[in-house]
Amino acid sequence: MNEYNQKVLENALKTEKMGHPLYFYEETDTTNDRIRDLALEGKPEGTLAVAELQTAARGRRGRPWQAPAGSGVWMSLLLRPDIQPTQASTLTLLAGIALAEAIEEITGLEPAIKWPNDILLNGKKLVGILTEMDCDMESIHSITVGMGINVNTKEFPEELKDIATSLYLESNREYDRCKMVWRAMACFEALYKEFLAEGGTFAPFKERYRAKCLNMGKEVRVIGGETYLATALDITPDGELIVRRKDTGREEVVFSGEVSIRGEEK
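Here is a short report on the structure shown in this document.

Thresholds applied
Residues numbered from 1 in each chain as written. Predicted model: local features only at pLDDT ≥ 70, side-chain atom pairs only at ≥ 80, totals over all residues. Heavy atoms only, no water. Pairing = 2+ DSSP bridges. Helix = DSSP H or I, 4+ residues; strand = E, 2+ residues; numbered from the N terminus. Axes fitted to C-alpha atoms, helices over the stretch in contact; angles between N-to-C directions. Contact = heavy atoms within 4.5 Å. Salt bridge = Lys/Arg side-chain N within 4 Å of Asp/Glu carboxyl O. Buried < 20%, exposed > 50% of the residue type's maximum accessible area, 1.4 Å probe, protein only. Phe/Tyr/Trp six-rings, centres within 6.5 Å; stacked < 30°, edge-to-face > 60°.

**Things to note about the sheet that holds strand β1 (residues 22-25)**
Strand pairing in a sheet relies on backbone hydrogen bonds. The paired strands run either parallel or antiparallel.
In step 1: Taken together, the seven strands give an open sheet; going across it, the order is β1-β2-β3-β7-β6-β5-β4, and neighbouring strands pair in mixed fashion. Of all strands in the sheet, those bounded by a partner on one side alone are β1 and β4 (112-114). Each strand axis lies, on average, 20° off the axis of its neighbour in the sheet, ignoring direction.
In step 2: As paired elements, strand β2 (residues 48-51) and strand β3 (residues 72-79) share four bridges and run antiparallel to each other. Bridging across to β3, A51 finds its partner in W74.
In step 3: Helix-sheet contacts for helix α2 (residues 31-40) involve β1, β2, β3, β6 (124-135) and β7 (140-150), and the interaxial angle to β3 is about 25°.
In step 4: On the sheet, helix α3 (residues 90-107) packs against β3, β4, β5 (118-121), β6 and β7 and is oriented at approximately 145° with respect to β6.

**Overview of the pattern of salt bridges**
In step 1: Applying the stated criterion to the full structure yields 21 salt bridges.
In step 2: When the shortest N-O distance is used, the salt bridge between D234 and R210 registers 2.8 Å. In this pair, D234 is assigned in strand β9 (residues 227-235) and R210 in helix α6 (residues 206-212), connecting sequence segments 24 residues apart.
In step 3: Judged by relative accessible area, which is 30%, R210 ranks as partly exposed.
In step 4: R250 serves as the salt-bridge partner of E252, at 2.8 Å between the closest nitrogen and oxygen.
In step 5: Judged by relative accessible area, R250 falls into the partly exposed class, the value being 45%.

**Points about the packing of aromatic side chains**
In step 1: All chains considered together, the criterion is met by four aromatic pairs.
In step 2: Measuring from centroid to centroid gives 5.7 Å for F188 and Y192, while their planes differ by 20°, and the two rings are stacked. Of the two residues, F188 and Y192 both sit in helix α5 (residues 177-197), four residues apart, roughly one turn of that helix. Take F188 and Y192: they sit in the same class, and that class is buried.
In step 3: Between F202 and Y209, the ring centres sit 5.9 Å apart and the planes meet at 75°, which makes this aromatic pair edge-to-face.

**So, the sheet that holds β9**
In step 1: Taken together, five strands build an open sheet; the order of strands is β11-β10-β9-β8-β12 and the sheet is antiparallel. Two strands in the sheet have a free side with no partner beyond their single neighbour: β11 (251-254) and β12 (258-261). Strand after strand, the sheet turns through a mean of 45° between neighbouring axes, direction not considered.
In step 2: Sheet analysis places strand β8 (residues 219-223) next to β12, joined by four bridges and oriented antiparallel. Bridge pairing in β12 links I223 to E258.

Encoded structure:
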């Protein structure tokens with residue numbers, strides 16, 4: 001897309017709340033950091049930060065993530081849901097559904113979600129989601145949902161080319177990044193409104209998520225308090241991953257940590 005700036009993005013958004021107001025940065029450290037600052041300033045739910053270039057992008061467990069200028073969608077959304085802090089992690093899963101569906105609508109490609117916060121295409125990472133929360137024991141002050149989509153990236157550095165991909169590399173065509181932003185916001189807004197109407201439960205979205213979840217039926221490595229091999233069986237109504245351990249045969253619920261898919265580890 002030739003034009004990718006605040007005015008173009010604002011004119012493209014067709015949402016009630018998500019993306020309003022919108023802050024566009026030619027360059028910033030991370031859009032998550034910008035949203036946290038805006039949240040402290042009292043900006044409303046739906047505030048969206050979009051960057052052309054992130055200089056300190058990071059993924060799960062603080063790992064650096066490549067974010068080249070002019071090729072992707074790097075954005076973070078401010079949420080202020082009236083839910084319990086224990087329910088907040090499911091917003092990562094909602095974002096996964098929204099982004100996977102938006103990408104499929106626009107491109108016709110069929111990305112899959114790797115629980116809990118990555119979207120893959122042909123076994124390589126296409127989208128990363130990083131959700132961060134500011135809360136106390138009983139209430140949420142703000143939630144930042146960071147989303148990075150490799151859209152028109154032509155190549156990756158040597159250390160990433162075997163694990164990362166882009167929509168361009170998978171289809172040999174460029175896509176309108178502005179359209180990607182507004183479709184993602186529209187898809188997420190619809191899910192979020194239903195989520196709040198249902199009292200912050202993930203149960204209504206479980207099957208929708210499960211249908212796109214790459215982990216189902218696969219042998220996985222669970223990395224957390226301990227590391228073990230297991231088979232991924234299902235998703236709970238709260239969005240956790242149910243696995244059967246290889247060493248004990250017991251079923252366990254994975255609440256957090258990292259889950260890699262065996263045979264697709266890089």
